[in-house]
Structure formats: structure tokens, C-alpha cells
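Here is what each chain is made of, one letter per residue.
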Amino acid sequence: MDYKKTNAPLNTVTRDMIEMSEDTGNVYETVCIIAKRANQIAGEMKHDLEKKLQEFATLSDNLEEISENREQIEISRYYEKLPKPTLIATQEYVDHKITFRNPANKSNLD
């Protein structure tokens, strides 16, 4: 997923949780849905970053031999400038891009 194309804000935004929880009817459940999606996004972002930085890894990592690679720095800066996973997950929830179901509700199992 290209996280740069998301329309999530870069800074924290105050949101009305009562309004956001209209779909579930429960503020706690809404927060749990957003938190689980944020954890998924964070895992994907971490995996992507590690995969991109893996090609710069050397087998003999000594403190004396650490050299700065311009490409590695640019990759790290790119990921630092991305919106936080929580903000991305919240925006996905607001845009109704997250599908969820509660196994405790019989009506959601259809």
C-alpha cells in the first residue's frame, strides 16, 4: 500500500468519538477497530522499511565502520514524514474503508 497517497492528516485532529461510533453503537468497540487496523498498518510499514533497508545492511557492523548512505537516509526520511498509523486507520474508518464484524452479534455473521 502506498501510504503517501492516503488523505490522512499529518497532525493530530480532534474528532467527535460519539459521531464516529454511530456504526458500532459503542465508543470502545470503535476504538478497538481503529487500534487493530493501526497495528496492521504499523506492521506493514515496518516490514516495508526493513525490506528496503535490508539491501544496505552489511555483515560486519562495527561501530567504527558505520558509514552514512544517502539513499538510506532518504528512505528513512520518507517513512518519518508519513502520517502515523493511527491517523491512517482513523481516516480509513471515517471514509468507511474498513470492514469489520463482531462475532458476538448474530446479525453481522450473515
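Presented here is an overview of the structure given in this document. The structure presented is a predicted model; accordingly, all values stated were derived computationally and were not measured.

Definitions and cut-offs
- Residues take numbers from 1 onward in each chain, read along the sequence in its written order.
- Where totals are concerned, whole chains, interfaces and linings use all residues; where local detail is concerned, this predicted model gives features only for residues with pLDDT of at least 70, and gives and counts side-chain atom pairs only at 80 or more.
- To obtain the side-chain values, all non-hydrogen atoms of the structure were included, while hydrogens and water were left out.
- Cavities and pockets are defined on a 1 Å grid built over the protein atoms alone: a cavity is a set of grid points where a 1.4 Å probe fits but cannot escape, while a pocket is an open set with protein on both sides within 12 Å along at least five of seven lines, and lining residues are those with an atom within 4 Å of any such point.
- Grid points are joined across faces, edges and corners, and a volume is the space filled by probe spheres set on the points.
- Asp, Glu, Lys and Arg are counted as charged, while Ala, Val, Leu, Ile, Met, Phe, Trp, Tyr, Cys and Pro are counted as nonpolar; the rest, among them Gly, fall into the polar class.
- Each patch is built from residues lacking any salt bridge and having more than 30% relative accessible area; the joining distance is 9 Å for like charges and 5 Å for nonpolar side chains (Val, Leu, Ile, Met, Phe, Trp, Tyr).
- Per-residue and other accessible areas follow the Shrake-Rupley method at a 1.4 Å probe size, with only the shown protein chains counted as cover for residues.
- What makes a salt bridge here is a side-chain nitrogen of Lys or Arg within 4 Å of a carboxyl oxygen of Asp or Glu, nothing more.
- Charge counting treats Lys and Arg as positive and Asp and Glu as negative, with His and both chain ends excluded.
- The location of each charge is read from NZ of Lys, CZ of Arg, CG of Asp or CD of Glu.
- Each helix is a run of DSSP H or I of at least 4 residues and each strand a run of E of at least 2, with the numbering of both proceeding from the N terminus.
- For every residue, the accessible area (1.4 Å probe, protein chains only) is compared with the maximum for its type, and the residue is labelled buried under 20%, exposed over 50%, or partly exposed between those bounds.
- Nonpolar cores were defined as sets of buried Ala, Val, Leu, Ile, Met, Phe, Trp, Tyr and Cys residues, with membership established by side-chain atoms within 4.5 Å.
- It only takes one pair of heavy atoms within 4.5 Å for two residues to be counted as in contact.

Take the layout of surface pockets next. In this structure, the second largest pocket occupies an estimated 200 Å³ of space. The residue inventory of the lining of the second largest pocket, partitioned by class, reads 4 nonpolar, 3 polar and 4 charged.

The next point concerns a negative patch on the surface. The grouping of Asp-16, Glu-19, Glu-22 and Asp-23 at the surface amounts to a negative patch. Mapped onto the elements, Glu-19 comes out in helix 1 (residues 17-20). Owing to a relative accessible area of 53%, Glu-19 belongs among the exposed residues under this scheme.

Among the nonpolar cores identified, the biggest contains 16 residues, and Tyr-3, Ile-41, Met-45 and Tyr-93 are the most heavily contacted of them. If you list the elements that add at least two residues to this core, you get helix 2 (27-54), helix 3 (70-81) and helix 4 (85-94). Per-element accounting of this core gives the leading share, 5 residues, to helix 2. Once you skip the residues sitting within four places of it in the chain, Tyr-93 turns out to touch Met-20, Asp-23, Thr-24, Thr-30, Ile-33, Ile-34, Ile-98 and Phe-100.

The quantities given are spatial measurements derived from coordinates; they are silent on function.
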